[in-house]
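So you can see what is in the structure, the chains are spelled out below.
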Amino acid sequence: MGVSSNRVEDFSSHHETSVRMSPESAEAVMVVAMPPVEIHRVCLPPSKTTFQKLRQRLSEIFFPDDPLHRFKNQSSFTKLVLALQFFFPIFHWAPTYSLALLRSDIISGLTIASLAIPQGISYAKLANLPPIIGLYSSFVPPLIYSILGSSRHLAVGPVSIASLVMGTMLNNAVSCSADPILYLKLAFTATFFAGWGFIIDFLSKATLVGFMAGAAVIVSLQQLKGLLGIAHFTTKMQIVPVLTSVFQQRHEWSWQTIVMGFSFLAFLLITRQISMRRPKLFWVSAAAPLTSVILSTILVFLLKSKLHGISIVRTTNLAYKFPDIGHLPKGLNPPSSNMLYFHGSYLAVAIKTGIITGILSLTEGIAVGRTFAALRNYQVDGNKEMMAIGFMNMAGSCSSCYVTTGSFSRSAVNYNAGAQTAVSNIIMASTVLVTLLFLMPLFHYTPNVILAAIIITAVIGLIDYEAAYKLWKVDKLDCFACLCSFFGVLFISVPLGLAIAVGVSVFKVLLHVTRPNTMVLGNIPGTQIYQNPSRYREAMKVPSFLILAVESPIYFANSTYIQERILRWVREEEEQIQANNGNALKCVILDMTAVTAIDTSGIDAICELRKMLEKRSLQFVLANPAGNVMEKLHQSKILDSFGLNGLYLAVGEAVADISSLWKAQP
């Protein structure tokens, strides 16, 4: 496939590089000293069968980190041990576990349990589920994650965003108050399908920033029902109906509830600020929710004869009765596999809710895990996290749990408390178990207003205005996706707002694919480097050459655009040469370094472009095609039409060789 056989041309001995200056200046001509250029062959990649190509491609797509490389050249017993460590990371760190590590994990586990218990009750309420479901979800999933997860600091349990999305989407289809049995069935079924949320992931960082901020605002406004003591409140999740309901029900406002609610809300926000400014005092904000629950419960119990306006979490709310599973006991999670809803008119709702909440939980869990892994210089395996989060949700759906993932607030507390391994999740789950077995009656007089205050404090940290400002500075289209997500959640609905933002993100990807970047290249004097003159002012255009680069694969979606854009570059170059009385354009070189792939439509576009340029007496040359691109060009026989001087390994070699041929012509 060579273009010449290792010819060496003295570029500096016979070639002068002219530089087109501003219109006010005459054309300046300077001699650029260049080293001899050796013309190399452009080789095809090693021959492989179709099966070998497919196997390699699938391996790169699904296993980019080659997880099986440690199994090579190992004995059968070693492979068995490595397999256990791969599928169950607990076997990797358990053999070296020590009492010193256990002490740190016990402290961190008890600390996050003090946060997980009140948050579990609050988030279940946010999902329109019995509060005890939130505690169930803080027991089984952390145990599963401690065996399957690869993060040392991820604290697993219910989270506000997934709870909000589930509550909103399911309540739009089935009223949690009119048919609580069906609602709970759909919640468990959605949790089962959330375990498959790893299949698709179209949530960019910009989308999540806007979505979480919008959801945080909606969640906070929804908690005005509890903070103000309103009994009849809208079930809608848009900002206008929520605010309308707040002011239309002014006659239901309870001054006792308002005083207690805003007092504890101020306490929680102050402790949060203290821990943010002084990370060593992490325990202040970690203990604040449980402290608030205890103090408010005691206060309501002592003044129950005088505080009639404050609604409380009664035991009837903590234990629903369902004919399918009997009475939900105050103890270990009862099985719920027989409540999974795999047929009927609401199955589509459950699947859609599960997939969306699954995507959210997976995205948040992996992001949080990698954040704290980077601080301790270890790696979180994305594949293992997918399996761990997916399996714990599928198993959780069979044990009376709803969607769970890694919580940023609890993980931050876990990290600051000195957690060393996933044993901290086991300690937290054990503490929740003790609560389920013995302490449930103590929550009888817990006021609903304190749960609202805890939720507001938790979600207010999701409003990341600094990230939004950074998006504006770095990428305006990303910022637009962020704003679409934010306002879509506020004014339309949570799922539609998310769908709009995903649509904008997908549009951005399609825009980059269908309208790739193309540029003109110039030579940096004294080198074989060719760069964009708009970036590097010292880069100079080579007379009689138009050197272009395409920064994307050439597919059916962009082949026509690339063809038209190159012809436009040619037309503009010829017009500029004519205006400046420069050297006539003779050759167009297409640098294919960044063209990572090409399909049949792209090959046809290249062929048609060559014919169009030949009609204009212009030579068309390809430089540095990638291995798979070169292989497809060879198989399509298009290279035969380019001839010996139509394909080069580098732009510099193409310029030197073609220039020497022009000089050799009489």
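Residues numbered from 1 in each chain as written. Predicted model: local features only at pLDDT ≥ 70, side-chain atom pairs only at ≥ 80, totals over all residues. Heavy atoms only, no water.

The name an unreviewed UniProt entry assigns to the protein is Putative sulfate transporter 3.4, from the organism Vitis vinifera. Taken directly from UniProt, the Subcellular location (unreviewed entry) text for the protein runs: "Membrane". (UniProt positions renumbered as here; feature names shortened; annotations may be inferred.)

Engineer: For the overall build of the protein, give the residues involved together with the corresponding values.
Structural biologist: When helices and strands are counted, the protein shows 28 helices and 16 strands. Among the 666 residues that make up the protein, the fraction classed as buried is 52%. Summarising the internal contacts of the protein: among those between residues at least 6 apart in sequence, 79% fall at separations of at least 24. Summed over its atoms, the accessible surface of the protein is roughly 31300 Å², and 62% of this surface lies on carbon and sulfur atoms. (Helix = DSSP H or I, 4+ residues; strand = E, 2+ residues; numbered from the N terminus. Buried < 20%, exposed > 50% of the residue type's maximum accessible area, 1.4 Å probe, protein only. Contact = heavy atoms within 4.5 Å. Areas by Shrake-Rupley, 256 points an atom, 1.4 Å probe, with all protein chains shown as cover.)

Engineer: Account for the sheet that holds strand 14 (residues 587-591), with residues named and values stated.
Structural biologist: One open sheet holds the six strands; their spatial order is 12-11-13-14-15-16, and the pairing between them is mixed. Among the strands making up the open sheet, the edge pair consists of strand 12 (530-531) and strand 16 (647-648). Note that strand 15 (residues 619-623) and strand 16 share two bridges and pair parallel. From the neighbouring strand, L622 faces strand 16, where its bridge partner is L647. Sheet strands touched by helix 24 (residues 559-580): strand 11 (518-523), strand 13 (545-550) and strand 14. Its angle to strand 13, the strand with the most contacts, is close to 150 degrees. Docked against the sheet, helix 25 (residues 600-615) engages strand 14 and strand 15, running at close to 145 degrees with respect to strand 15. (Pairing = 2+ DSSP bridges. Axes fitted to C-alpha atoms, helices over the stretch in contact; angles between N-to-C directions.)

Engineer: I'd like a rundown of the pairing of strand 13, residues and numbers included.
Structural biologist: Taking burial as the measure, the six residues of strand 13 include six buried ones, the bulk of the element. Along strand 13, one buried face is formed by F545, I547 and A549 and the opposite face, lined by L546, L548 and V550, is buried too. Where strand 11 lies against strand 13, four bridges are found, and the strand directions are antiparallel. Following the sheet pairing, T518 is matched in strand 13 by V550. Relative to strand 14, strand 13 is paired through five bridges, and the arrangement is parallel. Residue pairing in the sheet places L548 in a bridge with L590 of strand 14.

Engineer: Describe unusual backbone geometry, listing the residues and the values that go with them.
Structural biologist: For S617, which is not glycine, the phi torsion reads 60 degrees and is therefore positive. Following the sequence through the fold, S617 ends up in the loop between helix 25 and strand 15. Of note, N624 is a non-glycine position whose phi angle comes to about 55 degrees, a positive value.

Engineer: Account for the layout of surface pockets, naming residues and giving values.
Structural biologist: Within this model, the largest pocket holds a volume of roughly 1500 Å³. As for the largest pocket, its lining consists of 46 residues, and the residues nearest its centre are R272, F408, S409, G461 and L462. Taken together, the elements giving at least two residues each to the lining of the largest pocket come down to helix 5 (99-126), helix 8 (160-173), helix 10 (205-222), helix 13 (255-277), helix 14 (282-302), helix 16 (347-375), helix 18 (408-416) and helix 20 (448-459). Taken together, the residues of the lining of the largest pocket break down into 28 nonpolar, 14 polar and four charged. (1 Å grid on protein atoms, 1.4 Å probe; cavity = no way out; pocket = protein on both sides within 12 Å on 5 of 7 lines; lining within 4 Å. Points joined across faces, edges and corners; volume = space filled by probe spheres on them. Nonpolar A, V, L, I, M, F, W, Y, C, P; charged D, E, K, R; others polar.)

Engineer: Hey, could you go over the packing of aromatic side chains for me, with residue numbers and the actual values?
Structural biologist: Overall, the coordinates contain 13 aromatic pairs when judged by the stated rule. For the pair F372 and F408, a centre-to-centre distance of 5.7 Å together with 35 degrees between the ring planes defines the contact as tilted. Highlighted residues: F372 in helix 16 and F408 in helix 18, separated in sequence by 36 residues. Ring plane angle 25 degrees and centroid distance 6.3 Å describe the contact between F487 and F491, whose orientation is recorded as stacked. Here F487 and its partner F491 are both found in helix 22 (residues 476-491), four residues apart, which amounts to about one turn of the helix. By relative accessible area, which is 41% here, F487 ends up partly exposed. Take F491: its relative accessible area is 48%, and that puts it in the partly exposed class. Lying across the ring of W472, K476 places its NZ or CZ 4.8 Å from the centre. (Phe/Tyr/Trp six-rings, centres within 6.5 Å; stacked < 30°, edge-to-face > 60°. Lys NZ or Arg CZ within 6 Å of the ring centre and 35° of its normal.)

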